[in-house]
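Next come the chains, spelled out residue by residue.
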Amino acid sequence: METTLQLTIDCADPRRLVAFWCEALGYVPEPPPGGHATWRDYWADMGVPEDELTDGAGDAPESIVDPDGRGPRVWFQVVPEPKTVKNRVHLDLKVGGGRGVPVALRTQRVTSTVERLVKAGATVLRVMDEPGMEYYAVVLQDPEGNEFCVV
């Protein structure tokens, strides 16, 4: 049996996070399978009982996919409780090019991405650029407070 990876992010507003993370990752909203108009229609055809679906579930895309098929599917799962503590797992968006790239160029690439994501709704938490480390990264939060890094 093949194992695949899906990243699931708990949230209150999937539409907001679908838009943000599509911008951040270059992903696209995942269309409903088999020519269905919505995911809710698909789930109904699959026999999922209506009482198992939250209000509005599947009416708009709640998952995103890599258009090139390389990265994992990301599903934004509605949960009733808000985020309350620091993430124990987070994403690193690796845009700098690695240590083989001069730190000034890596910094420019990271800064450009951070500026784009702040315009899309992210919040900067801190900049990591310790003197003498030849390292530059920025810790941000998505619109619902989930932490991630741009490196």
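Residues numbered from 1 in each chain as written. Predicted model: local features only at pLDDT ≥ 70, side-chain atom pairs only at ≥ 80, totals over all residues. Heavy atoms only, no water.

A. Seen up close, a nonpolar patch on the surface. Taken together, the side chains of Val118, Val124 and Val127 make up a nonpolar region of the molecular surface, amounting to roughly 200 Å² of accessible area. Classification of Val118 by relative accessible area gives partly exposed; the value is 37%. (Patch = residues over 30% accessible without salt bridge, like charges linked within 9 Å, V, L, I, M, F, W, Y side chains within 5 Å. Areas by Shrake-Rupley, 256 points an atom, 1.4 Å probe, with all protein chains shown as cover. Salt bridge = Lys/Arg side-chain N within 4 Å of Asp/Glu carboxyl O. Buried < 20%, exposed > 50% of the residue type's maximum accessible area, 1.4 Å probe, protein only.)

B. View of the nonpolar core. Counting residues in each nonpolar core, the largest one holds 22 residues, and the members touching the most others are Trp21, Ile64, Phe76, Leu117, Phe148 and Val150. Broken down by secondary-structure element, the contributors of at least two residues to this core are β1 (6–11), α1 (14–25), β4 (73–78), α3 (103–119), β7 (137–141) and β8 (147–150). The leading source of residues in this core is α1, at six residues. (Core = buried A, V, L, I, M, F, W, Y, C linked by side-chain atoms within 4.5 Å. Helix = DSSP H or I, 4+ residues; strand = E, 2+ residues; numbered from the N terminus.)

C. Quick look at the pattern of salt bridges. A full pass over the atoms with the stated rule returns six salt bridges. Across the salt bridge formed by Lys83 and Glu147, the nearest N and O atoms sit 3.9 Å from each other. With Lys83 in the loop between β4 and β5 (91–93) and Glu147 in strand β8, the pair connects residues that are 64 residues apart, well separated along the chain. Taking relative accessible area as the criterion, Glu147 reaches 14% and is therefore assigned buried. Sharing partners across several salt bridges, the network here consists of Lys83, Lys86 and Glu147.

D. Highlighting the sheet that holds β7. Strand order across the open sheet formed by four strands is β5-β8-β7-β6, with mixed pairing between neighbours. On the outer flanks of this sheet lie β5 and β6 (123–128), each paired with one strand and no other. Strand after strand, the sheet turns through a mean of 25° between neighbouring axes, direction not considered. Alignment of β7 against β8, held across four bridges, turns out to be antiparallel. The residue of β8 that forms the bridge with Val139 is Cys149. Contacts from α1 reach β5 and β8, with the element oriented near 45° to β5. (Pairing = 2+ DSSP bridges. Axes fitted to C-alpha atoms, helices over the stretch in contact; angles between N-to-C directions. Contact = heavy atoms within 4.5 Å.)

E. Representation of the packing of aromatic side chains. Using the criterion set out here, one finds five aromatic pairs in the structure. Measuring from ring centre to ring centre gives 5.7 Å for Trp39 and Tyr42, while their planes differ by 85°; the resulting arrangement is edge-to-face. Placement of the pair is Trp39 and Tyr42 together in helix α2 (residues 39–45), with a separation of three residues, close to one helical turn. A residue is classified by how much of its surface remains accessible, and Trp39, at 9% relative accessible area, is buried. Taking relative accessible area as the criterion, Tyr42 reaches 22% and is therefore assigned partly exposed. (Phe/Tyr/Trp six-rings, centres within 6.5 Å; stacked < 30°, edge-to-face > 60°.)

Structural measurements only, silent on function.
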